[in-house]
Amino acid sequence: MTVPYTFPDATDDWQARIAALSPAAAAPLAARARTAPLFAHAYAFHLNFRFGAMAPADLLAHAARHGLTGVQIHVEDGEGASLAAMTGAELAAFGAEARRLGLAVHVETSSTEPADLARTVAIAHATGAAAMRCYPRYEGRVSQIMARCIADLRGLAALDPEGRLRFTLEQHEDLTSAELVQIVEAVGNPRLGLLFDFGNMVNAGETPLAALAAQGRWVREVHVKDCLVVPDRGGWAHRACLSGEGHLPMRGLLVGLLLLGDEAPQVRAFGLEEEEDYFAPALRFPNEGPDPHIPARSASFTDPGPGDLAARLRREVEAAERQLGVMRAMLDEIATEAGKQARS
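How each quantity is defined
Residues numbered from 1 in each chain as written. Predicted model: local features only at pLDDT ≥ 70, side-chain atom pairs only at ≥ 80, totals over all residues. Heavy atoms only, no water. Helix = DSSP H or I, 4+ residues; strand = E, 2+ residues; numbered from the N terminus. Rg over C-alpha atoms; globule rule 2.2 N^0.38 Å. Buried < 20%, exposed > 50% of the residue type's maximum accessible area, 1.4 Å probe, protein only. Axes fitted to C-alpha atoms, helices over the stretch in contact; angles between N-to-C directions. Parallel < 35°, antiparallel > 145°, perpendicular 65-115°, else oblique. Contact = heavy atoms within 4.5 Å. Nonpolar A, V, L, I, M, F, W, Y, C, P; charged D, E, K, R; others polar. Expected span 1.5 Å × (residues − 1). Phe/Tyr/Trp six-rings, centres within 6.5 Å; stacked < 30°, edge-to-face > 60°. Pairing = 2+ DSSP bridges. Polar contact = N/O pair within 3.5 Å; in protein donor to acceptor, adjacent residues only side chain to side chain. Salt bridge = Lys/Arg side-chain N within 4 Å of Asp/Glu carboxyl O.

## Observations concerning the overall build of the chain
- For the chain, the count of helices and strands is twelve helices and 13 strands.
- For 344 residues, the compact-globule estimate of 2.2 N^0.38 gives 20 Å, and the C-alpha radius of gyration of the chain, at 19 Å, lies within 12% of that figure.
- Across its three principal directions, the C-alpha atoms of the chain cover 55 × 50 × 50 Å.
- When burial is assessed residue by residue, the chain has 54% of its 344 residues classed as buried.

Below is the structure:
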């Protein structure tokens, strides 16, 4: 018989965490859970962008139809129809449509290389986006990757001299929370923070709640997903799954994230990034040296697998729709528990 793998954070008691709050602390948690800014994330439709007919305008329509706050979209989502492939007039039209629908636009790139940052900032400006996410994808020793990333990100101030954008650096499977914080502090740009992904820290040998505790002061945006944590050569890989069916303490993470910020919520966007079947191997290991080597890797992609592609594309859309319902139900649960505590 195969014994299911037990991941340390999977048994987090989120209700006990709320019960430990004072009524004064619980009241804003309840309010924030009811008004959390939910964003449609393009990766939830990754296969439809790659193999179907989905285009950036369709993501706007999806977000508007479901009453979301905005969209988080990679500049290459949609390939030939992507933001990166659009003319200046087409980018302006995309931004105008987002504004007409009352949606915020946050753009993303899978790099910190200066040319990629410059291109993505230009796209952000052309669409009227409010924020931009990036992450390093260099091969090399961790110290080398960090040094290059710091140098890259110091260039953001010159790319956006009027301060029109907020920037986030995402933990993306290779660097630890402490290393990310060190990068942000070294860059010294007050408009740069961290994007917290619910599962990417496991590949760097961290558990989600510990990673949130380490990153919390700097977290500005979030990617929400669930995954199964898979032992891999002494470290942890992750395989994304339907939200609520994996190892991640989703409610506990939501509670911690919603509590960030004293006078106002610190997290500006909760991106719904359902990634069913996405797989990422372990990149950090308990027995590694003080300056381990990170291998070369591509930007994220999901294998559609064998079989009926049209059926797989439909399943992806259904999973994205389902995640929205799961997230809203979880937020309702948190609001209810926090409301009870606020009245105690």
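The structure having been displayed, the exposition proceeds.
## Section: the packing of helix α5 (residues 88–100) against helix α6 (residues 114–127)
- Two elements in contact, α5 and α6, have axes separated by 7 Å at closest approach and are oriented at 55 degrees. Taken together, the axes of α5 and α6 are oblique relative to one another. Judged by residue contacts, Leu91, Ala92, Phe94, Gly95 and Arg99 of α5 engage Ile123, Ala126 and Thr127 from α6.
- For the contact of α5 with α6, the residue count by class is five nonpolar, two polar and one charged.

## Comments concerning helix α2 (residues 23–34)
- Compared with an ideal rise of 1.5 Å per residue, which puts twelve residues at 16 Å, α2 spans 17 Å between its outermost C-alpha atoms and is within 8% of the ideal.
- Buried positions along α2 lie against α1 (14–19), α11 (250–258) and α12 (309–342).

## Let's talk about the packing of aromatic side chains
- All told, the structure shown has two aromatic pairs when counted by the stated rule.
- Each ring, one from Tyr43 and one from Tyr278, has its centre 6.1 Å from the other, and the planes form 80 degrees; the classification is edge-to-face. Residue Tyr43 is found in the loop between β1 (38–41) and α3 (46–51), and its partner Tyr278 is found in the loop between β11 (269–272) and β12 (279–280); the two are separated by 235 residues along the sequence.
- Its relative accessible area of 9% is what places Tyr43 among the buried residues.

## Some remarks on the sheet that holds β11
- Spatially, β1-β2-β3-β4-β6-β7-β8-β11 is the arrangement adopted by the eight strands of the closed barrel, whose pairing is parallel. When the angles between neighbouring strand axes are averaged without regard to direction, this sheet yields 30 degrees.

## Notes on the sheet that holds β12
- A sheet is described by the order of its strands in space; here three strands give the open sequence β9-β10-β12, paired in antiparallel fashion. With one partner strand each, in any of the chains shown, β9 (226–232) and β12 form the two edges of the open sheet.
- Note that strand β10 (residues 235–241) and β12 share two bridges and pair antiparallel. Looking across to β12, one finds that His238 is bridged to Ala280.

## Focus: the side chain of Glu179
- Considering the arrangement of structural elements, one finds Glu179 in helix α9 (residues 177–187).
- A polar atom in the side chain of Glu179 sits 2.8 Å from the backbone nitrogen of Thr176.
- There is a polar contact of 2.9 Å between the side chain of Glu179 and the side chain of Arg284.
- Residues in contact with Glu179, not counting those within four places in the same chain, are Val142, Met146 and Arg284.

## Section: the pattern of salt bridges
- One pass over the structure, following the stated rule, counts 19 salt bridges.
- When the shortest N-O distance is used, the salt bridge between Glu76 and Arg119 registers 2.9 Å. Of this pair, Glu76 sits in the loop between β2 (70–74) and α5 while Arg119 sits in helix α6, and the two are 43 residues apart along the sequence.
- Under the relative-accessibility criterion, Glu76 is labelled partly exposed at 41%.
- Taking relative accessible area as the criterion, Arg119 reaches 30% and is therefore assigned partly exposed.
- For Glu337, the salt bridge identified is with Lys340, shortest N-O distance 3.9 Å. A residue pair is termed a helical-turn pair when its members lie 3 or 4 positions apart in one helix, as Glu337 and Lys340 do in helix α12 at three residues.
- Via salt bridges that share partners, Glu276, Asp277, Arg312 and Arg315 belong to a single interconnected network.

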